[in-house]
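Each chain is listed here by its residues.
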Amino acid sequence: MFAVLLLTVTMPVRLSTVEANPAALAQHPAVARALRAADDLSEWTLAEQVRVTEIPAPPFQEGERARYLEAQFRQFGLEQVRIDAIGNVLGEYRGHDANSWVVLAAHLDTVFPPETPVRVAREGKRLVGPGISDNGNGLATLLAVVRALRTAKVVTAGSILFVANVGEEGEGNLRGIKHLLDDQGLRQKIRALIAIDGSGNDRLTRRALGSKRLEVTVRGPGGHSWGDFGLPNPIQALARAVTELAGVSIPEKPRTVLNVGVIEGGTSVNSIPYQASTKIDIRSEGAEQIKRLEAAVRQAVERAVEAENKAARRSEILQAEFKTIGERPGGEVPESARIVQVFRAVDSHLGIQTQFRTASTDANVPIALGMEAVAVSGGGRSGSSHSLREWYDPTERELGTKRILLALLLLAGVEL
Ligand SMILES: [Zn+2]
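This structure is a prediction, so every number in the text was calculated from the model and none was measured.

Conventions and cut-offs
- Residues numbered from 1 in each chain as written.
- Predicted model: local features only at pLDDT ≥ 70, side-chain atom pairs only at ≥ 80, totals over all residues.
- Heavy atoms only, no water.
- 1 Å grid on protein atoms, 1.4 Å probe; cavity = no way out; pocket = protein on both sides within 12 Å on 5 of 7 lines; lining within 4 Å.
- Points joined across faces, edges and corners; volume = space filled by probe spheres on them.
- Nonpolar A, V, L, I, M, F, W, Y, C, P; charged D, E, K, R; others polar.
- Helix = DSSP H or I, 4+ residues; strand = E, 2+ residues; numbered from the N terminus.
- Expected span 1.5 Å × (residues − 1).
- Buried < 20%, exposed > 50% of the residue type's maximum accessible area, 1.4 Å probe, protein only.
- Arc of directions from axis to C-beta.
- Contact = heavy atoms within 4.5 Å.
- Domains from an automatic or database assignment.
- Buried area = accessible area lost by both parts, 1.4 Å probe.
- Salt bridge = Lys/Arg side-chain N within 4 Å of Asp/Glu carboxyl O.
- Polar contact = N/O pair within 3.5 Å; in protein donor to acceptor, adjacent residues only side chain to side chain.
- Donors = N, O, S within 2.8 Å, 3.2 Å for Na, K, Ca; no water.
- Phe/Tyr/Trp six-rings, centres within 6.5 Å; stacked < 30°, edge-to-face > 60°.
- Lys NZ or Arg CZ within 6 Å of the ring centre and 35° of its normal.

Enquirer: I'd like a rundown of empty space enclosed by the protein, residues and numbers included.
Expert: Counted according to the given criterion, the structure contains one cavity of 30 Å³ or more. Put simply, the largest cavity is a space of about 60 Å³. Taken together, 13 residues form the lining of the largest cavity, with P56, A57, T110, F112 and V118 sitting closest to its centre. In terms of residue class, the lining of the largest cavity is built from nine nonpolar, three polar and one charged.

As structure tokens, then:
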């Protein structure tokens, strides 16, 4: 049997990092190669976007798409590729420092239920299909960045963690990113987190839109519409509550919304329902507005149930139950934060007018934890998101990829 001895000599000298400005960075030979690769990979990225989009990834059923991303992470040379306990796909691009990480993440899930046809159609320059932009683009851009870095053999100072995460949309409730950052050991090593979501070369989200989603269920005895008339009616109670909510004042600043999105209940036209429920979405740029409106919902429902019980001719009463079905922490990263400065510098270098946005994304979680985090979008344009007619136009998509590449490399540092 052979025994192979490998002697490794480690250099004690740390290489210096490129000065933190995008113009200088873009001239670094390896970085210049990576930027060219972003151009060369344009067609491939688009094809990849279609492939990913055509693998269904309904909420809580991201497994098949996750396995595809896992295979791609492996094929394109990331290390320690794995799927964690909650279903996130992780892959490492090791730099010299294994104690300093920048995370680049894109969510796997869509808003579409399992039976949705996910075929992508070409209509002129546009691709049309549910999820083609949100987040087919985010995932394809993530892979394009991996390939560009590997092709160009960029050596970074810090390490980069690529993440295709579960649970961004709706009732997924940011569970993928929450799980990732629950790991205290990892969290302390993360210097910055960039979430790629949807499309647009100029978007920068440093304000995280907080939200609270409630499901209210009103239950009663139920009965026959003729024989039991006079019993309190859960649908009527909810109708009273919703009517009151329609009159609640909603400020324009901080921008705030309250939406009664679902109302359901009852079994037949000649029955007094035994149950009715509603789902309500509250969002605001101001945390205090969320609290105020949640209290308003509870009050309106309690008052409505009381009124309905009072109006009933029988002693049986209705009861309301409140359940939180979504809670996204809000907050903001200051404009002076390094991650914001880096994107501004990159944008001015690339001739992009930064458009600041307030949105609810995976970046909410790190932002609420006080970490440096933003959400950006993959390159190109899109519209009709979250609909079956969602479209994507790849014009100038390379610009968006380069923007993310440069910002990522400025944050991680590149070795000379
Ligand atoms: Zn999204």
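Don't stop here, the text continues.
Enquirer: Go over helix α10 (residues 338-350) with me, naming the residues and quoting the values.
Expert: When the terminal C-alpha atoms of α10 are compared, their 18 Å separation across 13 residues agrees well with the 18 Å that a helix rising 1.5 Å per residue should span. For α10, the full list of buried residues reads I339, V340, V342, F343, V346 and D347. Seen end-on, α10 carries its buried residues on one side only, within an arc spanning 160°. Looking at the buried side of α10, the elements it contacts are α1 (22-27), β7 (190-199), β8 (203-208), β16 (355-359), β17 (373-378) and α12 (397-412). G351 sits one or two positions beyond α10 and adopts a positive phi of about 75°.

Enquirer: Tell me about the environment of E70, and please be specific about residues and values.
Expert: By secondary structure assignment, the location of E70 is in helix α4 (residues 63-75). When its relative accessible area of 18% is taken as the criterion, E70 is described as buried. Counting along the chain gives 125 residues from E70 to A195, while the straight-line C-alpha distance between them is 18 Å.

Enquirer: Could you give an account of the domain arrangement of the protein chain, naming the residues involved and the relevant values?
Expert: Domain annotation for the protein chain reports domain 1 (22-208 + 331-412) and domain 2 (210-328). Put simply, the middle of domain 1 and the middle of domain 2, counted by C-alpha atoms, are 38 Å apart. Interface area, domain 1 with domain 2, both sides summed: about 780 Å², of which 36% is carbon and sulfur. Connecting domain 1 to domain 2 are two salt bridges. Where K279 meets E171, a salt bridge forms, and the shortest distance between an N and an O atom there is 3.5 Å. Viewed at the interface, domain 2 and domain 1 are joined by nine residue pairs in polar contact (both at pLDDT 80 or more). Partitioned by chemical class, the residues of the side of domain 1 that touches domain 2 number two nonpolar, five polar and four charged.

Enquirer: Tell me what's going on with the layout of surface pockets, and back it up with residues and numbers.
Expert: Taken as a whole, the largest pocket spans an internal volume of roughly 970 Å³. Along its surface, the largest pocket is lined by 38 residues, and D134, E169, R283, S360 and H386 are the ones closest to its centre. Those elements that provide at least two residues to the lining of the largest pocket are β7, β8, β11 (256-265), β13 (275-284), β14 (319-328), β16, β17 and β18 (381-383). Per-element accounting of the lining of the largest pocket gives the leading share, four residues, to β13. Class assignment for the residues of the lining of the largest pocket results in nine nonpolar, 17 polar and twelve charged. Formed jointly, the lining of the largest pocket draws a minimum of three residues from each of two domains, domain 1 (22-208 + 331-412) and domain 2 (210-328). Estimated volume of the second largest pocket: approximately 270 Å³. Lining the second largest pocket are 19 residues, with G210, G286, A287, I290 and G330 positioned closest to its centre. If you list the elements that add at least two residues to the lining of the second largest pocket, you get β8, β9 (210-219), α9 (287-311), β14 and β15 (331-332). Looking at which element gives the most residues to the lining of the second largest pocket, the answer is α9, with four residues. Tallied by class, residues from the lining of the second largest pocket come to four nonpolar, seven polar and eight charged. Structurally, the lining of the second largest pocket is a two-domain feature, drawing no fewer than three residues from each of domain 1 (22-208 + 331-412) and domain 2 (210-328).

Enquirer: Tell me what's going on with the coordination of the zinc ion, and back it up with residues and numbers.
Expert: Around the zinc ion, the protein contributes the donor atoms H107 (NE2), D134 (OD) and D197 (OD), which lie 2.0 to 2.1 Å from the metal centre. Counting gaps between the donor residues of the zinc ion yields the pattern H-x26-D-x62-D. Separated by 63 residues along the polypeptide, D134 in the loop between β5 (126-128) and α5 (136-152) and D197 in strand β7 bring together distant segments of the chain. Taking relative accessible area as the criterion, D197 reaches 14% and is therefore assigned buried.

Enquirer: Provide a residue-level description of the packing of aromatic side chains, including the pertinent values.
Expert: Within the structure shown, the criterion is met by one aromatic pair. Seen from their ring centres, W44 and F76 are 5.4 Å apart, and the 90° between their planes marks the pair as edge-to-face. With W44 in helix α3 (residues 42-53) and F76 in the loop between α4 and β1 (79-83), this residue pair connects regions lying 32 residues apart in the sequence. When its relative accessible area of 18% is taken as the criterion, W44 is described as buried. Residue placement shows R126 over the ring face of W391; its charged tip is 3.5 Å from the ring centre. Across the ring face of W44, the terminal group of R147 is positioned such that the distance to the ring centre comes to 4.6 Å.

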